[in-house]
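# Observations on the model geometry
The lines below spell out each chain.
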Amino acid sequence: MLNLNQAVSNGGGTANEEVYKILIYDRFCQDILSPLIHVKDLRKHGVTLYFLLDKERNPVHDVPAVYFLRPTPHNIQRVVADASRGLYDSFHLNFSSSIPRPLLEDLATGTTQSDSIQRISKVHDQYLEFITLEDNLFSLANKNCYVQLNDPSAGDKEIEEIIEKIVAGLFCVLATLAVVPVITCPRGGPAEMVASLLDQRLRDHLLAKHNLFTEGGNFTSSFQRPILCLFDRNLELSAAIQHDFRYKPLVHDVLGLRLNRLNVKGEKGGMKSYELDHADPFWTANWSLEFPEVAVEIEAQLSKYKKDVEEVNRRTGGGDGAEFDGTDLIGNTKHLMNAVNSLPELTDRKQVIDKHTNIATSLLGEIKERSLDSYAKKESDMMVRGAIDRNELLAVLKGKGTNMDKLRFAIMYLISTESTPQSEIEAVEAALRESEVDFSAFQYVKKIKALNVSLASANSASKSNIVDWAEKLYGQSISAVTAGVKNLLSSDHQMALTRTVEAVMEGKPNPQIESYLVFDPRAPKSGSSGSLVKGPFKDAIVFMIGGGNYVEYGSLQEFARRQQPVKHVVYGTTEILTGAEFVEQLALLGQKMGFGSSIPAPAH
């Protein structure tokens with residue numbers, strides 16, 4: 001795109017920097033570009049100026065402009081206005097998804113009327129409506145998706161619009177990877193709606209003679225197609241709420257990692273902005289470690305760095321008190337040259353160490369102040385044991401931590417424990433009330449759990465019918481908020497999502513996934529939604545509808561690395577959420593279901 005949509009001929013993958021260009025983008029496309037290309041790298045691609053579309057801009061003559069925008073009526077109007085004012089010599093328009101015909105006609109009409117149509121050099125559909133955070137991680141950046149899909153008052157039309165948006169994003173991902181996967185999902189709920197519509201969209205597209213899919217593309221490790229596993233957030237709520245003590249989830253949850261960037265207080269009180277991506281070797285190597293292990297690793301890197309600096313100093317500083325007799329002139333010069341060559345590498349290492357020391361110091365402050373290590377350990381124990389001592393539970397709720405920490409812990413207690421006595425729940429609510437916590441989210445999960453349990457026990461034989469009925473009654477929210485409770489209690493405490501993906505990729509008969517639907521867009525329509533996945537699969541794309549997180553991403557990457565031979569798993573989601581952000585969505589649903597933001601204290 002930066003090479004004006006011509007193939008990049010040089011080996012470095014950079015556009016022709018001799019052609020100076022201007023880059024114009026909207027807010028959404030800025031987020032797409034942000035994790036992929038640093039500002040300093042734009043110059044290598046010949047981009048000398050870059051602006052937001054809505055910013056007032058002056059004309060720059062004899063220079064092509066590369067536009068990267070969402071195809072919206074507002075954006076089209078701005079492009080027409082820019083062309084009619086003759087801001088740039090030529091316009092190369094790139095849309096993040098396929099531009100609808102009416103908008104294309106608006107563009108043509110507008111530029112014709114202002115006699116500027118000759119300035120429009122090219123119009124491209126780029127199919128890039130997703131944010132790539134890492135090689136194996138993407139997000140569609142669809143905000144508040146969980147609330148919209150589970151809102152009891154949402155009509156069919158609103159639900160269909162959200163499903164359509166998700167399918168459009170997934171289509172862009174598959175078009176970029178150039179693969180048509182086999183699709184699988186649990187029955188019912190948003191996952192099936194997305195799978196069914198995506199299957200139809202791919203079928204329709206494959207009918208065209210010139211389509212976007214040259215099988216195999218640049219993704220799969222073999223001629224075998226990947227499997228696309230679609231899940232609904234309700235498969236496992238705990239993963240979205242729990243406190244985690246590994247480095248990346250902790251940095252995301254506590255310091256607010258966004259688009260691979262975060263701001264941390266520096267030593268002198270000012271804010272420092274850091275990038276955490278594949279260009280940072282320490283982050284790449286250690287993001288999945290528990291926080292104490294990361295601290296040890298930083299210490300080890302620092303002492304290794306000091307040792308290397310001393311070694312350079314020793315080699316170039318001459319012997320202690322030894323007289324220089326000129327015989328080792330060549331040797332000394334060689335050492336000096338090596339020292340000069342090693343300086344940039346040593347400087348880079350020092351910057352990385354300083355960066356992670358700052359991040360770790362900030363994290364440590366929060367961990368101590370909020371007892372985050374204790375939250376993570378107790379939640380993990382609770383999920384494994386399926387119970388917690390009442391005194392311990394109340395001690396946590398009255399102890400350290402923010403109101404949100406306490407609320408998350410209380411919801412984890414609801415999700416993780418099979419039997420929750422009424423008196424215990426009342427005690428939890430009283431403790432939350434005492435801390436002035438808004439617990440509409442807690443009441444929402446309590447209501448859903450109570451509904452699930454009573455329905456399941458009322459008639460386990462026709463459970464699926466009851467769940468269908470409950471879904472009609474309560475929107476999409478019923479689909480197994482607590483069906484995963486048993487799943488959570490496995491001894492090795494592997495996540496339900498990871499275990500399900502493992503079963504799907506193995507392709508062997510498994511009770512866990514026997515009811516899953518399978519869609520194959522390349523197969524004849526009649527037999528498309530059978531229920532047996534023909535595996536095993538080497539490559540998978542796992543997509544979580546309703547919000548994902550780094551806890552699940554880490555678990556899936558660990559699973560993929562453990563396999564022999566190593567498997568390849570890409571994780572995507574409608575949006576990446578911290579535990580607090582997800583609980584805020586639960587609170588919104590609680591309020592929509594009529595739960596107040598807090599309950600008045602009982603009269604004494």
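Residues numbered from 1 in each chain as written. Predicted model: local features only at pLDDT ≥ 70, side-chain atom pairs only at ≥ 80, totals over all residues. Heavy atoms only, no water.

Counted only if it meets this: UniProt positions are given in the numbering used here, feature names are shortened, and annotations may be inferred rather than shown by experiment.
If you check an unreviewed UniProt entry, the protein appears there as SEC1 family transport protein SLY1-like from Dorcoceras hygrometricum. As stated in UniProt under Sequence similarities (unreviewed entry), the record for the protein gives "Belongs to the STXBP/unc-18/SEC1 family."

### What about the sheet that holds strand β3 (residues 64-69)?
Formally: DSSP bridges decide pairing: two strands pair if at least two such bridges lie between them. The helix and strand labels rest on DSSP assignments: H or I over at least four residues marks a helix, E over at least two residues marks a strand, and numbering proceeds from the N terminus. Axis angles are defined between N-to-C directions and span 0 to 180 degrees, where every axis is a line fitted to C-alpha atoms and, for a helix, only to the segment in contact. Contacts between residues were defined by any pair of non-hydrogen atoms, one from each residue, lying within 4.5 Å.
With parallel pairing, 5 strands are arranged side by side in an open sheet as β2-β1-β3-β4-β5. Two strands bound the open sheet, and with one partner strand each, they are β2 (47-52) and β5 (120-125). Shown here is a sheet whose adjacent strand axes are inclined to one another by a mean of 15°, direction ignored. The pairing of strand β1 (residues 21-25) with β2 spans 5 bridges and is classified as parallel. Its bridge partner lying in β2, L23 is registered against Y50. Most of the contacts of helix α3 (residues 73-84) go to strand β4 (residues 90-95), to which it runs at about 170°, and overall it touches β3, β4 and β5.

### Concerning the nonpolar core
Condition: Throughout, nonpolar core names a set of buried Ala, Val, Leu, Ile, Met, Phe, Trp, Tyr and Cys residues whose side chains join them through atoms within 4.5 Å. Only protein chains enter the calculation, and the probe is 1.4 Å; a residue is then buried if its accessible area is under 20% of its type maximum, exposed if over 50%, and partly exposed in between.
In terms of nonpolar packing, the biggest core is built from 66 residues, with F231, Y247, V251, L262, I359, L363 and L497 touching the most fellow members. Each residue touching V251, except ones within four places of it in the same chain, is listed here: G256, L257, L262, L276, W283, I359 and L363.

### A look at the sheet that holds strand β8 (residues 182-185)
With mixed pairing, 7 strands are arranged side by side in an open sheet as β6-β7-β14-β13-β9-β8-β12. Among the strands making up the open sheet, the edge pair consists of β6 (131-134) and β12 (517-519). On average, each strand axis in the sheet is tilted by 20° relative to the strand beside it, whichever way the strands run. Judged from the 3 bridges that link them, β6 and strand β7 (residues 137-139) form a sheet pairing that is antiparallel. Residue I131 lies in a different strand from β7, and its bridge partner there is S139. Here helix α6 (residues 156-177) sits on the sheet in contact with β7, β9 (227-232) and β13 (539-545), set at roughly 160° to β13.

### Observations regarding helix α16 (residues 422-434)
Our working rule: How far a helix is expected to stretch is found by multiplying one less than its residue total by 1.5 Å.
Look at α16: 18 Å from first C-alpha to last across 13 residues, which is about the 18 Å you get at 1.5 Å a residue. All of the buried residues along α16 are E424, I425, A427, V428, E429, A431 and L432.

### A few points about the packing of aromatic side chains
Quick note on the threshold: Each Phe, Tyr or Trp ring, with Trp reduced to its six-membered ring, pairs with another whose centre is within 6.5 Å; inter-plane angles below 30 degrees give stacked pairs, above 60 give edge-to-face pairs, and intermediate values give tilted ones. For a lysine, the NZ atom is tested; for an arginine, the CZ atom; a charge sits over a ring if that atom is within 6 Å of the ring centre and within 35 degrees of the ring normal.
A complete count under the given rule lists 15 aromatic pairs for this structure. The interplanar angle of 75° and the centroid separation of 5.8 Å between the aromatic rings of Y375 and F409 together place this pair among those described as edge-to-face. One end of the pair, Y375, is in helix α13 (residues 372-385); the other, F409, is in helix α15 (residues 403-416), and 34 residues separate them in sequence. Grouping residues by exposure puts Y375 and F409 together as buried. Lying over the aromatic face of W287, K248 brings its terminal NZ or CZ to 3.9 Å of the ring centre.

### Quick word on the packing of α6 against helix α7 (residues 189-206)
Put simply, the test is: Angular relationships are summarised with four words: roughly parallel below 35 degrees, roughly antiparallel beyond 145, roughly perpendicular across 65 to 115, and oblique for the angles in between. Each crossing is labelled by how the near helix is turned from the far one, with a counterclockwise turn of less than a right angle marking it left-handed and a clockwise turn marking it right-handed.
Remark: α6 packs on α7, axes separated minimally by 9 Å, with the N-to-C direction vectors making an angle of 55°. With respect to their mutual orientation, α6 and α7 come out oblique. Considering only the axes of α6 and α7, their crossing is right-handed. Residues I159, I163, E164, I166, V167, A168, L170, F171 and L174 of α6 form the contact with α7, whose participating residues are P190, M193, V194, L197, L198, R201, L202 and H205.

### Focus: unusual backbone geometry
Cis rather than trans, the peptide bond between Q564 and P565 has omega equal to -10°. Relative to the elements of secondary structure, P565 occurs in the loop between α21 (550-562) and β14 (568-573). For N144, which is not a glycine, the phi torsion comes out positive at approximately 55°. Inspection of the secondary structure puts N144 in the loop between β7 and α5 (145-150). With a relative accessible area of 36%, N144 lands in the partly exposed category. Positioned with a positive phi, E436 is a non-glycine residue whose angle comes to about 60°.

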